Amino acid sequence: MAAAAGPRQKRKTVTVLFCDVTGSTALGERLDPESFRQVMRRYFDAARRVIEHHGGTVEKFIGDAVMAVFGVPVLHEDDALRAVRAAAGLCEQIAVLNRELEADFGASVSVRTGVNTGQVITGTEERLATGDAVNLAARLEQAAAPGEIIMGPQTWRLVRDAVTAEPLEPLRLKGKSLPVTAYRLLQVRSDMDPGIRLAGAPLVGRQGQLRVLGDAFANVVGERSCGLFTVLGTAGVGKSRLTAEFLRGIDARVLVGRCLSYGQGITYWPVVSIVKQLLDSEHGSADATELMGRDVKVAAAVNVLLGEQETVTSPREIAWAVRKLFESCAGPVPLLVVFDDLHWGEPTLLDLIEHIADFSRGAPIMILCLARPELLDWRQGWGGGKLNATTLLLEPLKPADTAALIEELVPEGSHLDPQLRERVQTNSAGNPLFVEEMLALLTESDGRGLIVPPTIQALLAARLDQLRPEERTVLECGSVEGQSFHQGAVQVMAPEEPDVPGWLMTLVQKDLVRPERAVLPGEDAFRFRHLLIRDAAYEALAKTDRAELHERFARWLEERDTGLVELDELAGYHLEQAFCYWCELGPAGDRARRLAVDAAAHLDAAGRRALDRVDIGAAVNLLERAETLLPPRQTNLALQESLIRGLGESGRFDDAIARADRIADESAAAGDRVGVLRARLAGMMWQAIVDPERELAELRTLVAEARPAVERDGDPAALATLEYAAGWVDYIPCRNVAAFAAFTRAMQYARRAGDLWFETSIRKMAAAAIYLGPTPRSEALQWITDAEAQSVTYQPELEWRKAAMLAELERFDEARSVLAASIGQMNERGLALSAAWAMQTAWEIEMLAGDDAASERNIRQGCEQLDRLGERAALSTSAGELAEALYALGRYEEAWQWAVRGLELGSSDDLATQVFSLGVQAKVLARRGETSAALTLAEQVDRLARTSDDPRNPGDTALYLAEIMYLSGNPTRAGKLVQRAIDLYKSKGAIAFAKRARRLTAQWASGTSPAST
Ligand SMILES: Nc1ncnc2c1ncn2[C@@H]1O[C@H](COP(=O)(O)OP(=O)(O)OP(=O)(O)O)[C@@H](O)[C@H]1O
Ligand SMILES: [Mg+2]
């Protein structure tokens, strides 16, 4: 008795071939044993060769018999035909062998063959396949006469278009209650028979397009560069086919990813599948695997993508890491990456592709994107403005090509009514899918009384109507999962259907679906040959059935250990669909409500993971859908807080604020006071960030009001929101100590609430606060180093603050190298804005090191970059710093101009800009001899600087005042002010600033400026 199927065992439909040598006993008696063994060895060798040539696997030799299985380990769409061909091939080989045997030994052999298709269990320890289907194959073999090949009914059904065969008298077989109709094979028709449409018609036309693709590929290889190629065309016009033909003729490592038609929120689906291909232990790239082991940053981003590591990363980081993987393996063999159905891609995915196209250098990588033209509706500039991008519009077939295609597809010997031919030619409008489907319909229905449907949709519906009910059921169940689907899923959706695998095989034979690599381990998978076929099957389902089937599929996914990163997205989507259909059918009952709650839980989880990847667009989509599914008046506050933050982060401030208001109202109506406060805090945060001058006071009041209630309530998510808001209240007016403390608490609460993304974004703010605050530099440096260690992903903000702190501690060389490495990393990832911004640190390092020329060069470069990028907020401060640098070089008029620019760009609450720009103006006024104007201005800046708890600010302004005093002939006063500055700098351990103050004083005394030396 068979034990319960182990984990690696599975049911599969395979074709089994048995053949046995007849007359071997007699032969054995006539030959001496040694010669006999030799004869048999030759026979077995021939059998193995033929079977393997056709893609079968020899299971074993039992005495004189050979058993082979087709479909293990890999399923082919035409396994049955392969087995029959192998059987026929073996007979031919036997004939050859017999000629030799006759000559050598005066003996000959003949074989009896049985071929049968059916379900078996595979993956057991010692056998490739076991089950009834195997037994039947053996019985058929025993029933065959010498030289005969007998096929079981299922095999015959699958190959009948490709063979000539005759039915036998129903066979009564031992152990079988019903007689079996078997068939004797007479002939296998040639491979070229057009009646076998397994691979469609040969390509017609498209030679020009193939050439263009070939040239683009040759260019990529020749230049060792990256090229982006996009093929646009309507559904069914032949994009995927053109690509398949192109791929056949090139020598490259090919990776293919497809976007899901319901991919909203499933941003990385195609990338995940591509990366899995690349890292596959058998067929993947050793170089890519090696890179994963060597580079922790690449590994971290990729592992987040694959769901194997929980940490916060970002779309940039992921794009960079994927590019690194591509580059690592595109060396000796070029890499060709195909993104099919890109019109369904999420914006973040398109960004990833553009990043690779923009930044990849020195490696031959061709990215081939296939999309319907609507891609351009929402991504107008796709590929535009890139020297390495080409777009090809695939037009319908030319009339002559359409005619040629019709000719190819009409089975030889059959007649197509000229009028019908004309209608197909016209109605298809050059769409090859239409032509194919129309002719398939004609063949299947014998063309009786058939009209040509006007659209491809109507045509496909008509074609599905021709199917047997079982085939239809199987097809419709598959359509619920999507264009690709798993056999196991169909089985749970159609539990009453005893032979799902068999019907799938006939659908394969009708070329409606094709076997495909399964996404889920241990499963067989199929794919609709064309998505429009899937749509037609799905459309035909009643809504009640759709609701039912979506749910069954989702539950199946939930119960299986799929190991799928996108499990929540998928299960959430299908439960959501089920719920929506029930709602369309009538008021939601208990069952529908339970579906909604489960769907919301999945989508919520998926949304949170998207936040961890900072894939904000997807996160907002998923969380909003989760929200819609939850019962009204049952607000999930943690979800709402995430949504409000997500909306704000993606720049949709008004939406964030409006949502916060709505949630506050809802919570008020439900009598939930803490809820009201949480919602208001979340919304107010964004108001204060957008317009601090107006809203900060209100946020402060709100924080004070909310604190007792939220603390009493004790929910960590709520506390994180509260402390984060409290941090901002102190951060904006430069009370950095308090801000740092609040951010630190906020981080702890966010962690306790399990909100990684929030924790990471708060950490950035905490880093800013500790950098700007009075914390002794060595302590702050340690904090930053620890913070970096908390996450393996690259965090530019932390690195450049670390560089600045090192400089303040006079560790200039380290500072320079940390910053240079960090800028290198930013440029690698295309973070142009951050890299430009980081030039402020490059200025600070050289300014402190006393190299004024270098500091001017650095900050000027930063200003130019920011200007080019149209970034104003950062430019105002950089302009003030450039003014400082120019002043230090003695270029006072230019310094004045840049100070003016900084003030124009910066807002009045931007402390750094104000201090630098006004300070420079005050000093230039003093140089011009306008001492009292200079003093008034400098004192104004000094008052402003004292509002900050960063000692550096009043330190800087004391130094301005000192210089003005010195210039107006008051060295004693100047000396006191310098001392004040030094004391302030030293209070935060910024020894490099103190040194600089002494250096400047020495310069004033010697009457030199670097410009005049
Ligand atoms: N030039 C051609 N010669 C012969 N058959 C073709 C040709 N072009 C396309 N076909 C056939 O037409 C069918 C539809 O083509 P294909 O799947 O490539 O369309 P598509 O443009 O990728 O559509 P979609 O946008 O829906 O993905 C396929 O079965 C394909 O084999
Ligand atoms: Mg396609």
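Just so you know, these numbers come straight off a predicted model, no measurement behind them.

Observations concerning the packing of helix H37 (residues 839-849) against helix H45 (residues 991-1006)
Point 1. Running from N to C, H37 and H45 point in directions that differ by 55 degrees, and their axes come no closer than 8 Å. Considering their axes alone, H37 and H45 lie oblique with respect to each other. Along its contact with H37, which presents Glu844, Met847, Leu848 and Ala849, the element H45 presents Ala992, Phe993, Arg996 and Arg999.

Quick word on the environment of Ala720
Point 1. By secondary structure assignment, the location of Ala720 is in helix H30 (residues 716-731).
Point 2. Take Ala720: its relative accessible area is 1%, and that puts it in the buried class.
Point 3. Between the alpha carbons of Ala720 and Gln487 there is a distance of 46 Å; along the sequence they are 233 residues apart.

Brief notes about the site of ligand 1
Point 1. Surveying the vicinity of ligand 1 reveals 21 residues, the closest of which are Lys239, Arg241, Arg372, Glu436 and Arg529.
Point 2. One of the side-chain N or O atoms of Asp341 is found 3.4 Å from an oxygen atom in ligand 1.
Point 3. Taking His530, its side chain carries an N or O atom lying 2.9 Å from an oxygen atom of ligand 1.
Point 4. Relative to its unbound accessible surface of 630 Å², ligand 1 loses 94% to contact with the protein.
Point 5. Within the residue set of the shell around ligand 1, elements represented by two or more residues are helix H7 (239-248) and helix H16 (432-445).
Point 6. Broken down by class, the residue content of the shell around ligand 1 amounts to 9 nonpolar, 5 polar and 7 charged.

Let's talk about the environment of Arg224
Point 1. Note that Arg224 resides in the loop between helix H6 (207-223) and strand S9 (226-232).
Point 2. Residues Arg224 and Ile250, spaced 26 residues apart in sequence, show a C-alpha to C-alpha distance of 16 Å.
Point 3. Excluding its chain neighbours within four sequence positions, the residues that come into contact with Arg224 are Asn219, Ala330, Gly331, Gly362, Ala363 and Pro364.

Re the sheet that holds strand S16 (residues 525-528)
Point 1. The sheet built from 3 strands is open, its strands ordered S14-S16-S15 with antiparallel pairing. If you trace the sheet from one side to the other, it starts and ends with strand S14 (484-486) and strand S15 (513-516), each paired once. Pairwise comparison of adjacent strand axes, ignoring direction, gives a mean angle of 35 degrees for this sheet.
Point 2. Note: S14 against S16, 3 bridges, orientation antiparallel. Opposite Phe485, over in S16, you have Phe526 as the bridge partner.
Point 3. Each of S14, S15 and S16 touches helix H20 (residues 500-509); the most contacted strand, S15, lies at about 115 degrees to it.

Concerning helix H44 (residues 971-987)
Point 1. If you check H44, its first and last C-alpha atoms are 24 Å apart, about what 17 residues at 1.5 Å a residue would give, namely 24 Å.
Point 2. When H44 is considered as a whole, its buried residues turn out to be Ala974, Leu977, Val978, Ala981, Ile982 and Tyr985. Down the axis, H44 shows its buried residues gathered within 145 degrees of arc, on one side only. Facing away from the buried side of H44 by more than 90 degrees, the exposed set consists of Thr972 and Lys976.
Point 3. At its buried positions, H44 is contacted by helix H43 (952-967) and H45.
Point 4. Positive backbone phi, at 70 degrees, marks Gly989, one or two positions downstream of H44.

Calculation notes
- The numbers attached to residues start from 1 for each chain and follow its sequence in the written order.
- Chains and ligands are labelled sequentially in the order written, the chains with letters from A and the ligands with numbers from 1.
- Two thresholds apply to this predicted model, a pLDDT of at least 70 for residue-level local features and 80 or more for giving and counting side-chain atom pairs, whereas whole-chain, interface and lining totals are computed over all residues.
- As a convention, hydrogens and water are excluded, and side-chain values are obtained from all of the structure's heavy atoms.
- Axis angles are defined between N-to-C directions and span 0 to 180 degrees, where every axis is a line fitted to C-alpha atoms and, for a helix, only to the segment in contact.
- The secondary structure listing takes helices from DSSP runs of H or I that are at least 4 residues long and strands from runs of E that are at least 2 residues long, numbered from the N terminus.
- In what follows, roughly perpendicular refers to angles from 65 to 115 degrees, roughly parallel to angles under 35, roughly antiparallel to angles over 145, and oblique to any angle outside these ranges.
- Should any heavy atoms of two residues lie within 4.5 Å, those residues are counted as being in contact.
- Using a 1.4 Å probe on the protein chains alone, a residue whose accessible area is under 20% of its type maximum counts as buried, one over 50% counts as exposed, and one in between counts as partly exposed.
- When we say a residue is near a molecule or strand, we mean one of its heavy atoms is within 4 Å of it.
- What qualifies as a polar contact is a pair of N or O atoms within 3.5 Å, subject to a donor-acceptor requirement within protein and to the restriction that residues adjacent in sequence count only when both atoms come from side chains.
- Computed with a 1.4 Å probe, the accessible areas rest on the Shrake-Rupley method; for each residue, only the protein chains presented here act as cover.
- Here the term charged refers only to Asp, Glu, Lys and Arg, the term nonpolar to Ala, Val, Leu, Ile, Met, Phe, Trp, Tyr, Cys and Pro, and the term polar to all other amino acids, Gly among them.
- A pair of strands is considered paired only if DSSP assigns at least 2 bridges between the two.
- The length a helix should cover is 1.5 Å for every residue beyond the first.
- Our arc is simply the arc of the directions from the helix axis toward the C-beta atoms.

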